[in-house]
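These are the residues of each chain, in order.
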Amino acid sequence: MKKKMSILDFKRYKEEGRKFAYVTAYDYTTASIVNDSDVEVILVGDSLGMIMLGYKDTVAVTMEDMIHHIRPVVKGAPDTFVVGDMPFGSYNKSIEQGVKNATRMIKKTGCDCVKLEGGVKYAPLVRAIVDAGISVMGHIGLTPQNATQLGGFRVQGGTPESARQLIEDAKELEQAGAFSIVLECVPKVVGKAVSEAVKIPILGIGAGPFVDCQVLVTQDLLGMYGDFKPKFVKLYANVRKVMVDGLNQFHKEALSGEFPSDEYSFNKEVDLDKLY
Ligand code: KIV
């Protein structure tokens with residue numbers, strides 16, 4: 001059985017050059033499946049807006065949505081480090097608002113840390129949340145909550161200036177006390193440069209092979225979500241097809257009467273003449 005990673009392990013893994021893996025879960029069953037696997041970290045991401053709630057993006061996701069989904073994941077994955085994502089609007093107004101909501105998320109769900117999007121500008125907030133006793137994971141590069149300001153869902157850090165800014169962002173977040181940083185959608189050389197610039201793990205999603213940890217959305221890597229597949233997603237299974245095939249087989253047997261056979265029925269004889 002795997003041993004749950006602690007906050008201290010993140011830094012130790014980086015020092016030892018030991019890689020690890022990180023996926024999403026938004027419900028009890030998926031969390032318990034991840035818990036049975038070797039994957040070390042679960043993110044209850046605000047991507048649940050699209051994947052669980054059918055929204056077009058993450059912007060409408062609320063603190064209530066997050067709390068509702070983080071709780072069952074924490075229950076289902078006792079041996080896996082669980083990260084709670086701060087949704088858009090829950091920390092962007094002021095430091096007080098961010099600290100209050102981060103505290104609420106931890107108290108209501110029991111997750112192991114919070115994650116929030118943003119670089120240099122959010123370093124004072126990260127410092128304040130850490131000072132309040134809560135571990136913070138940063139998130140830079142493509143930050144879906146403000147994708148509109150970034151000109152859409154596109155690769156970041158594609159110029160020397162923007163790559164330098166990402167390195168600055170990572171260093172400032174590290175200085176502010178973040179224990180790790182998600183780096184999303186950057187050229188692989190930029191992933192390498194950012195990872196080499198800090199002593200905390202860089203958790204890459206679409207950031208190439210030279211980062212410290214690989215992140216993917218479970219529903220993407222297992223082929224559950226549908227046809228949408230970003231370039232950086234490798235399909236490790238076609239669970240959607242397995243599920244549709246299973247449902248179709250059930251449908252066929254339900255209509256033909258093949259199901260339920262005696263094996264799936266309560267076969268005790270009851271004298272129905274005595275019923276009336
Ligand atoms: O919400 C999410 O799933 C994320 C990942 C893309 C890292 O933030």
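Per chain, the residues get numbers from 1 upward, laid out in the order the sequence is written. Under the rules for a predicted model, residues below a pLDDT of 70 receive no local features and side-chain atom pairs below 80 are neither given nor counted, while totals for whole chains, interfaces and linings still include all residues. As a rule here, side-chain values cover all heavy atoms of the structure and leave hydrogens and water aside.

Peer 1: An account of the pattern of salt bridges is needed here, citing residue identities and associated values.
Peer 2: Just to be clear on terms, a salt bridge is a Lys or Arg side-chain nitrogen sitting within 4 Å of an Asp or Glu carboxyl oxygen. Evaluation of the coordinates by the stated rule reveals 11 salt bridges. Where R12 meets E16, a salt bridge forms, and the shortest distance between an N and an O atom there is 3.2 Å. With a gap of four residues between them, R12 and E16 both fall in helix α1 (residues 7-16), about one helical turn apart. On the basis of relative accessible area, R12 is assigned to the partly exposed category, the value being 33%. Notably, a salt bridge pairs D85 with K115, separated by 3.1 Å at the nearest N-O pair. With D85 in strand β3 (residues 81-85) and K115 in strand β4 (residues 113-115), this residue pair connects regions lying 30 residues apart in the sequence. Exposure classes here rest on a 1.4 Å probe applied to the protein chains alone. A residue is buried below 20% of its type maximum, exposed above 50%, and partly exposed in between. Overall, the relative accessible area of 1% leaves D85 in the buried class. The helix and strand labels rest on DSSP assignments: H or I over at least four residues marks a helix, E over at least two residues marks a strand, and numbering proceeds from the N terminus.

Peer 1: Could you give an account of the side chain of D46, with specific residues and numbers?
Peer 2: By the element assignment, D46 lies in the loop between β2 (41-44) and α3 (48-51). Charged residues are defined here as Lys and Arg on the positive side and Asp and Glu on the negative side; His and the ends of the chain fall outside this count. Within the buried core, D46 has no salt-bridge partner, and the shortest N-O distance to an opposite charge, that of K115, equals 5.5 Å. The contact rule is simple, with two residues in contact once any of their heavy atoms fall within 4.5 Å. In this structure, D46 is in contact with T58, V61, M66, D85, E117 and Q145, ignoring residues within four places of it in sequence.

Remember that the coordinates give geometry; whether it matters functionally is a separate question.
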